[in-house]
Structures are given as structure tokens and as C-alpha cells.
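# Fold and geometry: a report
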2 protein chains.
Amino acid sequence: MNSRRLCIGLFGFGTVGRGLYELLENTCPANVELRRVCVRNIAKHRDCEVDMTDNADDIFQDPQINFIVELIDDADASYRIVSRALREGKPVVSGNKKMLARHIEELIELQGITGTPLLYDASACGSIPVIRNLEEYYDNDLLLSVKGILNGSSNYILTKIFNQGKTYSEALREAQEAGFAESDPSLDVDGWDSLYKLIIITVHAFGTYVAPERIFTFGISGMNDHDIRFAMEKGRRIKLVAHVEKLSGNRMTMCVMPQLISRNKYIYSVDDEFNGVVIKGLYYDKQFMFGRGAGGHPTGSAILSDITACLYDYRYEYKKRNHPSGAMPEFTDDVTFRIYCRYSSPHDLSLIPFDRISESYTSDGFNYVVGETSLHALHSVADELRQRGIFVAAYPGD
Amino acid sequence: MNSRRLCIGLFGFGTVGRGLYELLENTCPANVELRRVCVRNIAKHRDCEVDMTDNADDIFQDPQINFIVELIDDADASYRIVSRALREGKPVVSGNKKMLARHIEELIELQGITGTPLLYDASACGSIPVIRNLEEYYDNDLLLSVKGILNGSSNYILTKIFNQGKTYSEALREAQEAGFAESDPSLDVDGWDSLYKLIIITVHAFGTYVAPERIFTFGISGMNDHDIRFAMEKGRRIKLVAHVEKLSGNRMTMCVMPQLISRNKYIYSVDDEFNGVVIKGLYYDKQFMFGRGAGGHPTGSAILSDITACLYDYRYEYKKRNHPSGAMPEFTDDVTFRIYCRYSSPHDLSLIPFDRISESYTSDGFNYVVGETSLHALHSVADELRQRGIFVAAYPGD
């Protein structure tokens with residue numbers, strides 16, 4: 001046991017920041033102290049006994065503070081804080097997935113140069129220790145794929161729809177009332193939050209970094225009652241799934257999109273705001289990890305776990321990036337798979353080049369096809385699909 | 001990345017040893033080499049290209065071998081090999097849960113004295129990284145309980161019974177034919193294998209070591225058709241569950257016994273030879289980990305993960321045993337809970353002192369009660385319950 005003492009300067013006091021504060025108050029760890037919190041608007045937090053400031057220098061220039069925790073929404077400000085902490089030799093824990101998905105390569109390099117660790121297990125799947133497991137345990141080049149429900153808010157909405165028969169708008173309103181969705185929910189329901197987490201997970205699973213704009217990302221906000229009924233008639237549920245998979249020839253592919261999931265899949269039963277991740281390996285078959293992916297206390301608990309890991313000098317080794325076996329797999333979206341596509345006019349349908357159409361239905365109010373197309377083709381028309389209200393979902397075989 | 005090279009001496013070449021050998025053959029890790037295998041009977045392994053010996057000294061005195069992997073059945077021989085490896089400064093990976101459940105305290109001490117690491121993640125739940133997760137991630141004193149299906153063979157049998165309507169003897173035969181149960185299955189079906197794993201898990205979850213004979217352990221071999229029908233009528237499945245839980249006053253309790261599990265529990269759906277573990281924490285609610293708990297390749301994969309961890313100088317810190325917050329929780333079996341008890345004669349029933357009986361049924365061939373009793377009472381008559389063919393199972397509320 002390390003006898004060091006962590007004296008924390010915290011940036012941000014939203015749901016997770018406050019969750020962490022409450023955890024520390026309740027558990028009183030002997031060697032972790034929250035010294036000061038930097039927020040934009042001090043007046044908003046007058047009810048809280050912790051020392052507040054609105055000036056980052058009050059954190060960085062405090063000689064007692066030897067540890068930074070960054071839990072703010074703004075990705076640019078998050079990047080400035082995290083990189084400054086590393087440059088000043090202060091270990092830092094971050095929960096900002098958007099910032100990490102953009103800057104993770106620079107931050108890996110900066111950790112190497114400065115020798116100062118950055119941990120962010122809490123940034124993907126809240127309390128489920130996905131990153132650390134990929135980094136530590138699945139380090140034997142046998143990993144085939146990681147697939148999961150990485151966003152609690154959209155999954156809460158989908159659960160209300162598929163398990164309780166709510167409409168999309170009812171379900172969204174309930175999610176907002178329950179505090180699981182922002183007033184602007186597009187980060188969650190359009191797949192961006194899942195995308196950021198997938199990028200971080202992929203760096204630890206396979207080493208390769210892929211920028212957000214290269215990855216086909218499609219959400220559930222365009223889903224309508226026809227799509228829901230289609231899935232139900234097939235005995236499936238629609239889930240918003242993030243997926244990275246190794247392919248032959250040292251390649252790999254990634255995407256975030258709705259999938260029609262059959263009952264025999266683990267993630268079929270991941271309900272409400274829970275997250276679930278299926279990790280496949282060549283020799284251990286499948287692992288399934290499941291837990292709360294959102295909320296102040298579960299995520300605060302993951303942040304606290306990152307903090308205590310630092311007490312033991314834990315740091316990510318980025319083993320897959322430095323693997324002696326050589327080159328990291330290369331990203332491709334030249335992959336064919338089966339989709340369900342609901343559209344309005346025949347012109348809409350021509351947007352997507354199908355290799356093969358196995359099912360086709362038209363009626364006055366509802367047209368769809370089931371067919372095979374490439375991820376690349378979908379990616380190149382993603383914005384247009386959204387604008388025209390076309391809905392696509394992966395529709396794998398049973 | 002560490003540039004060291006591991007040159008392995010392996011003891012044992014059963015299912016897991018051979019699984020590890022095949023993995024190494026197929027993946028050819030650059031810095032891991034299997035140099036020699038020590039077995040009891042060399043003649044049995046003539047088909048295999050690896051260098052074999054039946055003399056342990058050929059492993060220990062080989063100056064090139066700098067790493068020991070111990071995968072034999074015999075617990076006493078396993079202890080001699082593992083402790084010799086530690087004393088001779090050779091890092092060692094062991095899969096022998098029976099040996100660990102007995103000797104873990106001495107081996108922790110020996111690691112401290114010699115500075116040589118012993119890893120054994122593969123010993124509990126095969127490919128599911130339970131021990132390392134408890135050690136690394138749930139290190140914040142918020143852990144409440146760990147509960148799970150830790151034995152694949154007995155779970156395979158129970159799945160055949162509850163999902164496919166087989167009888168116990170049919171199911172046992174199928175498990176043996178599928179290679180999931182030994183010709184003497186009592187280690188699996190009577191709960192001893194689960195008990196050993198629970199003891200190891202508890203050391204990493206709460207720090208406390210409890211000797212096997214102090215823990216109530218009851219299996220499924222005495223279960224009959226009446227018990228199966230009783231469970232089914234209540235909409236439940238019987239699962240063999242190992243359980244450790246923290247109690248008030250810095251106490252904790254442990255047991256291994258059949259439980260009538262309702263449909264809304266995660267472990268209800270852990271089928272076939274899979275293992276599943278539910279970890280509860282004060283702030284992150286529940287985590288569920290699920291995967292293959294048995295078999296040559298999944299367990300070999302876990303062994304390989306332990307081996308590569310050593311390349312990164314990983315070792316268990318036994319954080320819960322050295323926690324600054326002080327004393328480890330004390331074991332108690334002074335805990336009351338509800339059980340289902342099927343018996344033959346009224347005299348049998350008098351063995352168990354019930355605090356309260358809430359249900360009672362007698363007929364010509366089948367008598368049972370549902371009532372509250374203490375773990376301590378059950379433990380003190382465990383052998384007699386077995387001898388008289390009395391079957392007990394925990395029967396928690398919904």
C-alpha cells in the first residue's frame with residue numbers, strides 16, 4: 001500500500017462531480033481529500049460546503065493540490081485542463097469522452113513525454129470496468145470484437161418503447177423527466193456519445209485510433225412506429241449498438257447504429273439505463289459485462305476507482321499500441337452487411353447501393369427493403385439519410 | 001512494454017495444460033516460450049511434440065526456465081511446486097483452487113518475503129476476470145457482496161434439468177459425456193469446487209481468509225424430482241450459488257448452497273457450463289460478469305492472460321488486506337434466512353431449529369417446510385443432512 005495522499009482539485013460540479021463529492025463525503029477515504037472545486041458559476045453551488053473557485057489557476061497554483069479530476073462538459077476546456085495537468089506533472093482523471101475521442105493520441109504522447117498518468121475508465125460505460133479490462137486482461141492478441149450498448153439514455157428510451165409499448169416521444173419525455181436525457185438529447189439518441197466511447201474502447205482493444213468523422217454513426221431519433229412494429233413482428237428489439245470487430249488481413253471495422261437484436265443475444269436483455277458489453281475472443285468465446293452506465297453515483301464510483309488506482313501508480317500501458325507482434329489493425333468500412341431500410345420515395349432508396357435486396361415492401365404509408373449494402377456506402381450518405389428521414393438498422397441473421 | 005522473455009516450465013498436461021499448449025502453438029507470442037512439461041506419466045503424452053519429463057528437478061534446475069505454470073490436480077503436490085517456485089524466485093501461475101483455498105494465507109506471506117509473484121486468476125471462473133477486477137477495480141471499500149455461479153459442471157446439469165426437463169441422472173450422464181463432469185462428480189455437484197473459488201474471491205473482495213470447514217457448503221446431488229417440481233411450480237430455477245456478503249458491524253458471511261432463483265435475477269439466465277458473477281456495491285449498484293468458466297481453451301486463455309500480466313510486472317497487491325481503513329471484516333454464520341427443506345421423517349425435520357415456519361406440506365412421498373433458520377444451525381448439521389437425504393435450498397423473497 002502506497003502511503004501517498006491525494007489532494008484533489010476538481011473541475012466541474014455537475015451530476016458526476018456532485019456524485020463523486022457525495023461518495024467522498026460518505027466513505028471518507030483516509031488518503032484522498034477533495035480540496036477545491038472549479039466551476040463556471042460559483043453562485044449556483046452556494047449550498048455546498050466544499051471550497052469553490054471560478055479560476056483554474058486557483059487549482060493549478062495551489063501547491064497542496066497534487067491530483068486533478070476533470071468532469072466538465074466542454075470538450076475544448078477539458079482538453080486545456082487535462083493537457084495542462086499532464087504538462088505540470090499532476091496525474092489527472094477525466095470523464096470527458098468527446099474530448100478523449102478527439103485528442104486521445106496527443107494525450108497518449110503527452111503522457112509518454114511527461115511520465116504523468118491520465119486515467120479515464122469512467123468515460124466509457126460508467127461503472128463497468130471495460131477499458132481497464134481490455135487493457136489488462138484481454139492482452140493476448142486473441143480479441144475478436146467488442147460490441148455493446150454504451151449509452152444509457154437511448155437504451156432507457158428503447159426499453160420504454162419495446163418493453164412497455166410507449167411511443168418514441170413519450171419515452172423521450174420520460175427519460176428526460178427521470179434525468180437520463182438532456183434537454184437536447186441528440187448526443188445520446190443520435191449515437192454520438194456511443195461513438196466517442198467506442199473510439200476510446202477501440203484504442204484499448206486493438207490499439208488503433210480512428211477519428212469520429214470516419215465512422216458511420218446513426219441514431220434512433222429517426223425511428224418511427226413502423227420500424228418499431230417491424231422489429232416486434234420479427235421478435236426483435238431495436239438497440240443502439242456500438243461495434244468494433246477485427247477482420248482478416250489485419251483490418252478492423254467500427255460503427256454505431258441501431259440493430260434489430262434477436263432474443264438469443266445477451267444485449268437483448270440489457271434494459272433501462274444499463275450498459276452491456278460483449279467481448280469476443282478466439283479462445284474464451286464470449287464475455288459479457290453489464291452494469292450501470294450512467295448516473296452520478298455509479299459514474300462517481302468509477303471516477304473514485306480511477307483515483308485510487310493512481311494511489312497504486314496504475315497507468316494505462318496502451319499495450320495494443322506497443323505490441324511486439326507489430327502493426328495495429330487498419331480501419332476499413334469496406335464491409336457488407338444486411339440492413340433494414342425504411343424510406344418514403346423510390347428516389348430515397350436509390351441513395352443506397354444495395355448488393356442484394358432480399359425483401360421489399362411498399363404501401364401507402366410505409367416502404368422498406370431488407371438488403372445487403374456496405375458500411376462505406378451508408379457512411380457516405382449518412383447526412384442525407386438523416387435529412388430525408390430514412391431509417392436504417394442492421395438486421396443480422398439469427 | 002517489457003522486453004523480457006518468459007521461458008515456461010509447465011506442471012500438468014490435463015485439459016487446461018493442453019489448452020494452454022494449443023493456445024501458445026496457435027498464437028506464437030514473441031516473448032513467451034513453453035520449454036518443458038512435467039507430468040506423472042510421460043508415456044501418455046507421446047503424441048505431443050513438447051519436451052516432457054517426470055522429474056520436477058528437470059524444471060526447477062533448468063537455468064533457462066524463469067517462469068512456472070502449475071496446472072495439476074493434486075493439491076499437496078501443487079502446494080509443493082508453488083511454494084518451491086516462490087522460494088526459488090521464479091514467478092508462478094497456478095490454477096489449483098483447492099490448494100489455494102487451503103494455503104492462500106501462507107502463499108501471500110511467502111510472496112511478501114520473497115518478492116516473487118503468484119497469479120491465479122484462472123482458478124476462479126476460468127475466463128471471467130473476477131479476481132483481478134475485485135483486486136483492481138472495486139478497491140474503494142464500497143463493495144457489498146459477490147454472488148455467483150462458480151461451477152460450470154453443476155450448472156450444466158441444472159440447465160439440462162430446468163430448461164430441457166431431464167432427470168438429474170440423465171443430466172449428470174450428459175455432462176460427463178460432454179466432458180463437463182469428472183467420473184467422480186462430487187467436487188462439482190456437492191459444492192466443494194464453488195467453495196474453494198469463493199474463498200479465493202473473498203480474500204480479494206474483502207481481505208478476510210476463511211478456512212473451508214467453517215463455511216456451510218451444500219450441493220445438488222441430493223436434489224430429487226419433488227424439489228425440481230417445487231421450484232418449477234414457483235416459477236424458479238435451482239442454481240448452485242456461492243455467496244459472500246458484508247454485514248453490519250464489520251462482519252461478513254459466506255455460504256455455498258442451492259438457491260431457488262426467480263426469473264428477475266441475473267443468474268437465472270446463466271445457462272449450461274457458463275459462470276456468472278454479480279458484484280454489488282454501495283454506489284454502483286450491480287455489476288454482472290458472465291463467461292465461460294470451464295474448458296481447456298477458455299481456462300488456458302485465462303492462464304495465458306496471467307502469464308502476460310507477469311511480463312508487465314503485475315502482481316496482486318491484496319489491497320483489502322492492507323487497507324488503511326483498518327480491520328478486515330470478521331466471518332460469521334450467525335445469519336438468518338429463508339430455506340426450503342425437503343425431508344422424510346418428522347425426526348429429520350427436528351435437526352434444524354427453525355425460527356419460524358411459514359409453509360408446511362406433508363404427503364405420503366414428499367414433505368417439506370419453508371422456514372427461517374440460521375446458517376450456523378445448517379452448518380452444524382450439514383453432514384447429517386447429507387446422510388439422511390434431506391435437501392435444503394435458500395429460498396429468498398422475490
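Described below are features of the structure shown in this document. All of these numbers come straight from a predicted model, not from anything done at the bench. (Residues numbered from 1 in each chain as written. Chains lettered and ligands numbered in written order. Predicted model: local features only at pLDDT ≥ 70, side-chain atom pairs only at ≥ 80, totals over all residues. Heavy atoms only, no water.)

On to the overall build of chain A, then. The secondary structure content of chain A amounts to 14 helices and 17 strands. The C-alpha radius of gyration of chain A comes to 22 Å, within 12% of the 21 Å expected for a compact globule of 398 residues. Dimensions along the principal axes, computed over C-alpha positions, put chain A at roughly 70 × 50 × 35 Å. Looking at chain A residue by residue over its 398 residues, the buried ones come to 60%. (Helix = DSSP H or I, 4+ residues; strand = E, 2+ residues; numbered from the N terminus. Rg over C-alpha atoms; globule rule 2.2 N^0.38 Å. Buried < 20%, exposed > 50% of the residue type's maximum accessible area, 1.4 Å probe, protein only.)

As a further point, take the relation of the copies chain A and chain B. Mapping chain A onto chain B calls for a screw motion: a turn of 180° about the axis and a shift of 0.0 Å along it, with 0.0 Å RMSD after fitting. Seen this way, the second copy is the image of the first under a two-fold rotation axis. Rotation axis and chain A: the residue whose C-alpha lies nearest the axis is Met289 of chain A, separated from it by 2.3 Å. When you check the interface residues of chain A against chain B, 100% turn up at the interface there too, and the contact is symmetric in its surfaces. (Least-squares fit on C-alpha atoms with pLDDT ≥ 70 in both. Contact = heavy atoms within 4.5 Å.)

Attention now moves to the packing of helix α3 (residues 75–87) of chain A against helix α4 (residues 97–114) of chain A. Residues and elements named next belong to chain A. Contact geometry for α3 and α4: axes closest at 10 Å, N-to-C directions at 10°. The orientation of α3 with respect to α4, classified from their angle, is roughly parallel. Across the interface between the two elements, Ala75, Ser78, Tyr79, Val82, Ser83, Leu86 and Arg87 from α3 touch Lys98, Met99, His103, Glu106, Leu107, Leu110, Gln111 and Thr114 from α4. (Axes fitted to C-alpha atoms, helices over the stretch in contact; angles between N-to-C directions. Parallel < 35°, antiparallel > 145°, perpendicular 65-115°, else oblique.)

What follows deals with the sheet that holds strand β2 (residues 32–38) of chain B. All names here are of chain B. Strands sit in the order β3-β2-β1-β4-β5-β6 across an open sheet of six strands; the sheet is parallel. In the strand order of this sheet, the two ends are held by β3 (52–53) and β6 (118–119), each with one partner. Summarising the sheet, β2 and β3 pair through two bridges and their orientation is parallel. Residue pairing across strands places Cys38 opposite Thr53, the latter belonging to β3. (Pairing = 2+ DSSP bridges.)

With that settled, the discussion passes to the side chain of Asp193 of chain B. All names here are of chain B. Along the polypeptide, Asp193 turns up in helix α9 (residues 192–206). A distance of 2.7 Å separates a polar atom in the side chain of Asp193 from a polar atom in the side chain of Lys197. Setting aside chain neighbours within four positions, we find Asp193 in contact with Lys97, Leu150, Asn151, Leu187 and Asp188. (Polar contact = N/O pair within 3.5 Å; in protein donor to acceptor, adjacent residues only side chain to side chain.)

In this section: the interface of chain A and chain B. In many reports, interface size means the accessible area that the parts give up when they come together. Facing the 43 residues of chain A at the interface are 43 residues of chain B. Of the roughly 3,800 Å² buried at the junction of chain A and chain B (both faces included), carbon and sulfur atoms supply 54%. Our count for the contact surface shared by chain A and chain B stands at zero salt bridges. For the pair chain A and chain B, the interface holds three residue pairs in polar contact (both at pLDDT 80 or more). Elements with a contribution of two residues or more to the side of chain A that touches chain B: α1 (15–27), α5 (130–136), β12 (285–292) and α11 (296–311) of chain A. (Buried area = accessible area lost by both parts, 1.4 Å probe. Salt bridge = Lys/Arg side-chain N within 4 Å of Asp/Glu carboxyl O.)

Turning our attention to the nonpolar core. Counting 267 residues, the largest nonpolar core has Val69, Met257, Ile307 and Val392 of chain A together with Val69, Ile307 and Val392 of chain B as its most contacted members. One finds Ile267, Tyr268 and Phe288 of chain A together with Val278 of chain B within the second-largest nonpolar core, a separate group that totals 20 residues. (Core = buried A, V, L, I, M, F, W, Y, C linked by side-chain atoms within 4.5 Å.)

Moving on: the sheet that holds strand β3 (residues 52–53) of chain A. All names here are of chain A. With parallel pairing, six strands are arranged side by side in an open sheet as β3-β2-β1-β4-β5-β6. Two strands in the sheet have a free side with no partner beyond their single neighbour: β3 and β6 (118–119). Where strand β1 (residues 6–11) meets strand β2 (residues 32–38), six bridges bridge the pair, whose relative direction is parallel. Residue Ile8 lies in a different strand from β2, and its bridge partner there is Leu34. The sheet contacts of α1 involve β1, β2 and β4 (67–70), and relative to β2 the element is tilted by about 150°. The strands touched by α11 within the sheet are β1, β2, β4, β5 (92–94) and β6, with β4 carrying the most contacts at an inclination of about 160°.

A word on the pairing of strand β7 (residues 143–149) of chain B. Residue and element names in this part refer to chain B. Counting buried positions along β7 yields five of seven residues, so the element is predominantly enclosed. One ladder, built from six bridges, connects β7 with strand β11 (residues 274–281); its direction is antiparallel. Bridged to Gly148 within β11 is Val277. In the sheet, β7 pairs with strand β9 (residues 236–247) via four bridges, with the strands oriented antiparallel.

This part covers the pattern of salt bridges. Considering all chains together, one arrives at 50 salt bridges over all chains under this definition. Across the salt bridge formed by Asp271 of chain B and Arg237 of chain B, the nearest N and O atoms sit 3.7 Å from each other. You can see Asp271 of chain B sitting in the loop between β10 (251–262) and β11 and its partner Arg237 of chain B sitting in strand β9, a full 34 residues away along the chain. Several salt bridges converge on common partners, so that one network encompasses Arg35, Arg36, Asp51 and Asp62 of chain A.

It is worth spelling out helix α9 (residues 192–206) of chain A at this point. All names here are of chain A. For α9, with 15 residues, the first-to-last C-alpha span of 21 Å sits near the 21 Å given by 1.5 Å per residue. Along α9, 14 of the 15 residues are buried, which leaves the element largely enclosed by surrounding structure. Trailing α9 by a residue or two, Gly207 shows a phi angle of about 95°, which is positive. (Expected span 1.5 Å × (residues − 1).)

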